[in-house]
Amino acid sequence: MQAKLSTMFQSLQVRNYRLFASGQLIKLIGVWMMFIAQDWLVLELSDNSATALGVVTALQFTPVLLLTLLSGRLADRYDKRMLLFVANAFWTVLALAMSLLVITGLVQLWHVFAFAALLGVANAVETPVRQAFVSELVGTSLLPNALSLNAAVFNSARIVGPAVAGLAIAAFDVGPVFMFTALSSIAPLVTVIRMRPAELYREALPPRDERASAKVVDGLRYVWRRPDLLLPMAVMSVIGMSLFNFQLTLAALAKTVFQTGAASFGLFSTALAVGALVGALAGTGRRSRPSVWLVLGAGVGCAVFGTLVGLAPAYWMVVTLLLPTGFFMVFFAQAANQRVQLGTDAAFRGRVMALWVLVFLGTNPVGAPLIGWVAETYGAGASIWIGGLISLATILIALTWQLRRSGARLRFRVLPMPRFYVTSADC
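Calculation notes
Residues numbered from 1 in each chain as written. Predicted model: local features only at pLDDT ≥ 70, side-chain atom pairs only at ≥ 80, totals over all residues. Heavy atoms only, no water. Helix = DSSP H or I, 4+ residues; strand = E, 2+ residues; numbered from the N terminus. Buried < 20%, exposed > 50% of the residue type's maximum accessible area, 1.4 Å probe, protein only. Contact = heavy atoms within 4.5 Å. Areas by Shrake-Rupley, 256 points an atom, 1.4 Å probe, with all protein chains shown as cover. Axes fitted to C-alpha atoms, helices over the stretch in contact; angles between N-to-C directions. Parallel < 35°, antiparallel > 145°, perpendicular 65-115°, else oblique. Left-handed = near helix turned anticlockwise from the far one by under 90°. Nonpolar A, V, L, I, M, F, W, Y, C, P; charged D, E, K, R; others polar. Patch = residues over 30% accessible without salt bridge, like charges linked within 9 Å, V, L, I, M, F, W, Y side chains within 5 Å. Salt bridge = Lys/Arg side-chain N within 4 Å of Asp/Glu carboxyl O. Phe/Tyr/Trp six-rings, centres within 6.5 Å; stacked < 30°, edge-to-face > 60°. Core = buried A, V, L, I, M, F, W, Y, C linked by side-chain atoms within 4.5 Å. Expected span 1.5 Å × (residues − 1). Bend = angle between axes of the 7 residues up to and from the residue. pLDDT = per-residue confidence, 0-100.

### Examining the overall build of the protein
Then step 1. When its secondary structure is counted, the protein shows 18 helices and zero strands.
Then step 2. In the protein, buried positions account for 56% of the 427 residues.
Then step 3. Sequence-distant contacts in the protein: of pairs separated by 6 or more residues, those separated by 24 or more amount to 87%.
Then step 4. Summed over all atoms, the accessible surface of the protein reaches about 18600 Å², with 68% contributed by carbon and sulfur.

Laid out in structure tokens, this is it:
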């Protein structure tokens, strides 16, 4: 048991990665608290408008759509450690300004819209750089483990953050939650400064003059010529747009369908995150590149359970179904992420991971307003199960394409029923 735990957390033995993970955990707890507070604030300022929630989500991710590919180019040209420091410093200033507006009671709906858009700019720079930086922290051999632990850190924060935020909003209102977010975002700044650049794994990178000539279009061509990278990205783009909008749909489901308070909404997010944490830890033992069949199989589970969440008629059923939904959601996303990262040359990793972030997060500006409109017109449940069915259809199409391309066949084998015989001894 001890050996298994040691293997599961092997990347934490690397000092630079340990600093990185601890800083991310502290920051992300605050970020998830802020997301809950932001959604609740929007509902209060907009008279429970799901469309307003969709607009905020769209504004938050529009910069990802517009700027992420350029950020990937930056990641392949400049020091990723310094880029992370700048992006996180910008985030800290924004969070502090927003917390002051909320605490003083001066906040208006357009302030939240502007804050979401500027926050998206920081994310558009930070996320692809952070994704590509992991390989420099631990090297290729530990990369699958480190990526799984990243997902575990993310979902641990998603468990703690919403639960604490729900209680904090009920007790103190949303202002102190925003202030905690501002303070927690200082942690990555400290940990990045404390890293040892000499211990980074940068031997696989091309010379500086080659990195200086890195172009966005070269990264796009690289992925286009690689069907093994293109397939998981195409599937993720659809699922990310149609189903991975739980920040929006669960808030609307909690308040408009089940008429619950902030604490109960936090329970939805916590249940999803508990399942997601288990899904992340399930991938920590992986040491090689995941197969396309594993990626698509996990995607089927994610789509099926996501559909069931939208169809569930009772509050307790939603909470229960969010557990396997969270598991398959992260297991699928992490397997697809690892398949992309471990199949990409180091010289293109920043641009390829920027494209990954684009399809993973950048589709939200398109999907979120549509999902918000469906939730407001047909109900929050419909916005979830429709997205689940769209995701399932996409995965089945991808599975059919992969089977034809590879010449493989699906075989279903019916196991014989066991037979029982009575002998004289039994009598």
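Let's pick the thread back up.
### Details of the packing of helix H2 (residues 15–45) against helix H12 (residues 246–257)
Then step 1. The geometry of H2 relative to H12 is characterised by a closest axis approach of 11 Å and an angle of 55 degrees between their N-to-C directions. When the axis of H2 is compared with that of H12, the two are oblique. H2 and H12 meet at a crossing whose hand is right-handed. Together, Phe 35, Gln 38, Asp 39, Trp 40 and Leu 43 of H2 and Gln 247, Ala 251 and Lys 255 of H12 make up the contact between the two elements.
Then step 2. Its residues assigned to classes, the contact of H2 with H12 shows four nonpolar, two polar and two charged.

### A look at a nonpolar patch on the surface
Then step 1. Together, Leu 65, Leu 66, Leu 67 and Leu 70 line one region of the surface with nonpolar side chains, adding up to about 350 Å² of accessible area.
Then step 2. Counting through the fold element by element, Leu 66 comes out in helix H3 (residues 50–77).

### Examining the pattern of salt bridges
Then step 1. Counting across every chain of the model gives five salt bridges.
Then step 2. With a shortest N-O distance of 2.8 Å, Arg 226 and Asp 228 are connected by a salt bridge.
Then step 3. With a relative accessible area of 18%, Asp 228 lands in the buried category.
Then step 4. Between Asp 228 and Arg 289 there is a salt bridge, with the nearest N and O atoms lying 2.7 Å from each other. Of the two residues, Asp 228 sits in helix H11 (residues 227–242) while Arg 289 sits in the loop between helix H13 (262–282) and helix H14 (292–311), which places them 61 residues apart along the sequence.
Then step 5. We classify Arg 289 as partly exposed; its relative accessible area is 30%.

### What about the packing of H3 against helix H5 (residues 109–138)?
Then step 1. The geometry of H3 relative to H5 is characterised by a closest axis approach of 7 Å and an angle of 30 degrees between their N-to-C directions. The angle between H3 and H5 falls in the class roughly parallel. In this structure, the crossing between H3 and H5 has a hand that is right-handed. For the pair H3 and H5, contact is made by Ala 52, Val 55, Val 56, Leu 59, Gln 60, Pro 63, Val 64, Leu 67, Thr 68, Ser 71 and Ala 75 and by Val 112, Phe 113, Ala 116, Ala 117, Gly 120, Val 121, Ala 124, Val 125, Pro 128 and Val 129, respectively.
Then step 2. Considering only residue class, the contact of H3 with H5 consists of 17 nonpolar, four polar and no charged.

### Thoughts on the packing of aromatic side chains
Here a ring pair, both rings aromatic, is described through the centre-centre distance and the interplanar angle of the planes.
Then step 1. Using the criterion set out here, one finds nine aromatic pairs in the structure.
Then step 2. Seen from their ring centres, Phe 20 and Phe 133 are 6.4 Å apart, and the 70 degrees between their planes marks the pair as edge-to-face. In this pair, Phe 20 is assigned in helix H2 and Phe 133 in helix H5, connecting sequence segments 113 residues apart. In this pair, the class of Phe 20 matches that of Phe 133, namely buried.

### Looking at the environment of Val 86
Then step 1. In this fold, Val 86 is placed in helix H4 (residues 80–103).
Then step 2. Along the chain, Val 86 and Val 125 lie 39 residues apart, while their C-alpha atoms are 9.2 Å from each other.

### Focus on the nonpolar core
A general tendency of soluble globular proteins is for nonpolar side chains to be buried together.
Then step 1. Phe 268 and Trp 356 are the most contacted members of the largest nonpolar core, which has 64 residues in total.
Then step 2. Setting aside its immediate chain neighbours within four residues, Phe 268 contacts Leu 250, Leu 253, Ala 254, Phe 258, Tyr 315, Val 318, Val 319 and Leu 322.
Then step 3. In terms of nonpolar packing, the next biggest core, distinct from the first, is built from 59 residues, Ala 37, Leu 53, Phe 133 and Val 153 among them.

### Let's talk about the environment of Met 82
Then step 1. Mapped onto the elements, Met 82 comes out in helix H4.
Then step 2. In this structure Met 82 comes out as partly exposed when scored by relative accessible area, which is 39%.
Then step 3. Counting along the chain gives 111 residues from Met 82 to Ile 193, while the straight-line C-alpha distance between them is 8.9 Å.

### Describing helix H15 (residues 315–341)
Then step 1. Counted at 1.5 Å a residue, the expected span for H15 with its 27 residues is 39 Å, and the 38 Å between its end C-alpha atoms agrees.
Then step 2. Remark: the principal bend of H15, roughly 25 degrees, maps to Leu 322, with a proline, Pro 324, within the next four residues.
Then step 3. Among the 27 residues in H15, 19 count as buried, and that is most of the element.

### Looking at the confidence of the model for the protein
Then step 1. Confidence in the prediction of the protein, expressed as mean pLDDT, is 81, and 87% of residues score 70 or more.
Then step 2. Considering each helix and strand of the protein separately, the mean pLDDT is smallest for helix H9 (residues 208–212), with a value of 51, and largest for H14, with 93.

### Quick word on the side chain of Glu 126
Then step 1. Checked against the element boundaries, Glu 126 lands in helix H5.
Then step 2. Classification of Glu 126 as buried rests on a relative accessible area of 3%.
Then step 3. Those residues within four positions of Glu 126 in sequence are excluded, and the remaining contacts are Gln 24, Lys 27, Leu 84, Ala 87 and Asn 88.

### Some details on helix H7 (residues 175–184)
Then step 1. Turning to H7, its buried residues are Gly 175, Val 177, Phe 178, Thr 181, Ala 182 and Ser 184.
Then step 2. In this fold, the buried residues of H7 make contact with H2, H4, H5, helix H6 (143–172) and helix H8 (187–194).

### With respect to the environment of Thr 68
Then step 1. Positionally, Thr 68 belongs in helix H3.
Then step 2. With 59 residues separating them along the chain, Thr 68 and Thr 127 place their C-alpha atoms 8.3 Å apart.
Then step 3. Setting aside residues up to four positions removed in sequence, Thr 68 forms contacts with Pro 63, Ala 124, Pro 128, Ala 354, Val 357 and Leu 358.

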